[in-house]
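Commentary on secondary and tertiary structure
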Number of protein chains: 2
Amino acid sequence: MNPTIDLLQAHRSIRRFTDKPISGELLEHILLAGQAAATSSFIQATSVVRVLDNTARTELVELTGGQKYVASAAEFLVLCADLQRNNQQVAAQGEDANFGWTEQFITATVDVALFAQNMVIAAQSAGLGICYIGGIRNNPDRVSDMLGLPELVYPVFGLCLGYPDQDPEKKPRLPLSVIVHENQYQASAATGEAMQEYNTVVKDYYQRRSSGKLDFSWSEQMLKQSRSQSRPFMQEFLQKRGFLRQ
Amino acid sequence: MNPTIDLLQAHRSIRRFTDKPISGELLEHILLAGQAAATSSFIQATSVVRVLDNTARTELVELTGGQKYVASAAEFLVLCADLQRNNQQVAAQGEDANFGWTEQFITATVDVALFAQNMVIAAQSAGLGICYIGGIRNNPDRVSDMLGLPELVYPVFGLCLGYPDQDPEKKPRLPLSVIVHENQYQASAATGEAMQEYNTVVKDYYQRRSSGKLDFSWSEQMLKQSRSQSRPFMQEFLQKRGFLRQ
């Protein structure tokens, strides 16, 4: 359709980077692109911690589950949902602030994701590769201590940025017929023939990518995930930090 | 820097659209761009309900707080976080599914936001305007009933798409110095001089945009928000739908 749509559709995560640094000017433009994304009720709930310290980077590799590119990428940013800043504005006007509801947890988290995705597109348009690091939530307490995050700030994900040193295949997505509904949600879409075909496509993709070592479909991958506990400490962590109050 | 970064930085929400429809081909490319965004642990938790029915559109104007462009935009999409599909895959393999943890609520919500922001950039690159509709969460029960959303699916936001019939000013964002931190979060960034200057900029913006009727700074806007209850029913709604189980 056009070069921007081509760029969007061509996304792959990059996990190996060259040594080339990102210029200060480009990084600033990427951050400004992030900020330009929509923000719910103008709350502007994104804060970015840029991790420059090498010792901290190495520690973060461990804390995120051994992902070495957290240290080797030119930049590693921690994207935080931040209602502390909004709180401070209210306190400075002499009132007790009232942030931290579940609804505000949603808007703050969405704000961060929209901001980050704009950064990602800006970065990719300038030839950079990226990888989101959800593993930042493996040890949210320790990460928060390390970065000095106050109450009402939590690390949503990390973001590796750098010049790519690999050219991986695009990962196949669900058929549109499975995920797009007209007027009414159709539960049957997820169990029909299109899903069966997709499962074959995913199996082939993993086989190809792993030289035969990985052998599962999307449905089988979801079964595996369902069997494991998914960061079961998260609700308690968030409540301790002032989120999900009600 | 380049045309894509220029596009990203030029974002404004559009709330008045022409009658021109969006071609099926363009809409498909926008959806494919959405799908190409990163997805946490490959959960692909986004479902899109495309609302074509005019009666439903009119009802949604009311349910989202009287935003008329929900009916007048060429397309209105409801972006849903969907773990039901993942659930179904597990059930079809004869096991009880284990989705719905707080952690999975985060990943599903982030998935939807990344998907949506890719759609937004694709749309804008093709000359369309967009407006996110957080008001879809004003009446999440009624919206869910109307669209037939099953358990473990919730409407995160709506999205209006259409050809713009207005050219609003860009809304000023917080200074980068307030939101970007190096190694350690600096709480003092949000109360310094840069914030005071920004408050003046926001006040001027609202004055200009409203011909003098609106008169508040960002800090004052946050105080107003803090005084009001923010969809206090959200936690109960989400738990009823199977989210935030622990």
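Residues numbered from 1 in each chain as written. Chains lettered and ligands numbered in written order. Predicted model: local features only at pLDDT ≥ 70, side-chain atom pairs only at ≥ 80, totals over all residues. Heavy atoms only, no water.

1. Let's talk about the confidence of the model for chain A
- In the predicted model, chain A carries a mean pLDDT of 97, and 100% of its residues have values of at least 70.
- Two summary scores accompany this predicted model of the complex, namely pTM at 0.98 and ipTM at 0.98. (pLDDT = per-residue confidence, 0-100.)

2. Things to note about unusual backbone geometry
- Backbone geometry at A:Leu152 places phi at a positive 65°, although glycine is not the residue there.
- With respect to the secondary-structure elements, A:Leu152 resides in the loop between α7 (140-147) and β4 (153-162).
- One non-glycine residue, B:Phe42, adopts positive backbone phi at about 65°.
- When you line up the elements, B:Phe42 lands in the loop between α2 (24-35) and β1 (46-50).
- A relative accessible area of 3% means that B:Phe42 is categorised as buried. (Helix = DSSP H or I, 4+ residues; strand = E, 2+ residues; numbered from the N terminus. Buried < 20%, exposed > 50% of the residue type's maximum accessible area, 1.4 Å probe, protein only.)

3. Observations concerning the relation of the copies chain A and chain B
- Least-squares fitting of chain A to chain B yields an RMSD of 0.0 Å, with the transformation described by 0.0 Å of translation along the axis and a rotation of 180°. Here the copies are linked by what is in effect a two-fold axis.
- Here 100% of the contact residues of chain A are again contact residues in chain B; the copies associate through an equivalent surface. (Least-squares fit on C-alpha atoms with pLDDT ≥ 70 in both. Contact = heavy atoms within 4.5 Å.)

4. Some points on the sheet that holds β1(B)
- Strand order in the open sheet made by the five strands is β5(A)-β1(B)-β2(B)-β4(B)-β3(B), with mixed pairing throughout. Of all strands in the sheet, those with a lone pairing partner are β5 (180-182) of chain A together with β3 (129-133) of chain B, marking the two edges. Each neighbouring strand pair of the sheet contributes to a mean axis angle of 25°, computed without reference to strand direction.
- Pairing of β1(B) with strand β2 (residues 75-82) of chain B involves five bridges; the strand directions are antiparallel. Bridge pairing in β2(B) places B:Thr46 opposite B:Ala81. (Pairing = 2+ DSSP bridges. Axes fitted to C-alpha atoms, helices over the stretch in contact; angles between N-to-C directions.)

5. Looking at helix α10 (residues 218-227) of chain A
- Counting buried positions over the ten residues of α10(A) gives seven, a clear majority of the element.
- Among all positions in α10(A), only A:Trp218, A:Ser219, A:Gln221, A:Met222, A:Leu223, A:Gln225 and A:Ser226 are buried.
- Where α10(A) is buried, its residues meet α9 (193-209) of chain A together with α5 (84-92) of chain B.
- N-cap assignment for α10(A): the residue whose side-chain oxygen lies 3.4 Å from the backbone N of A:Ser219 is A:Ser217. (Polar contact = N/O pair within 3.5 Å; in protein donor to acceptor, adjacent residues only side chain to side chain.)

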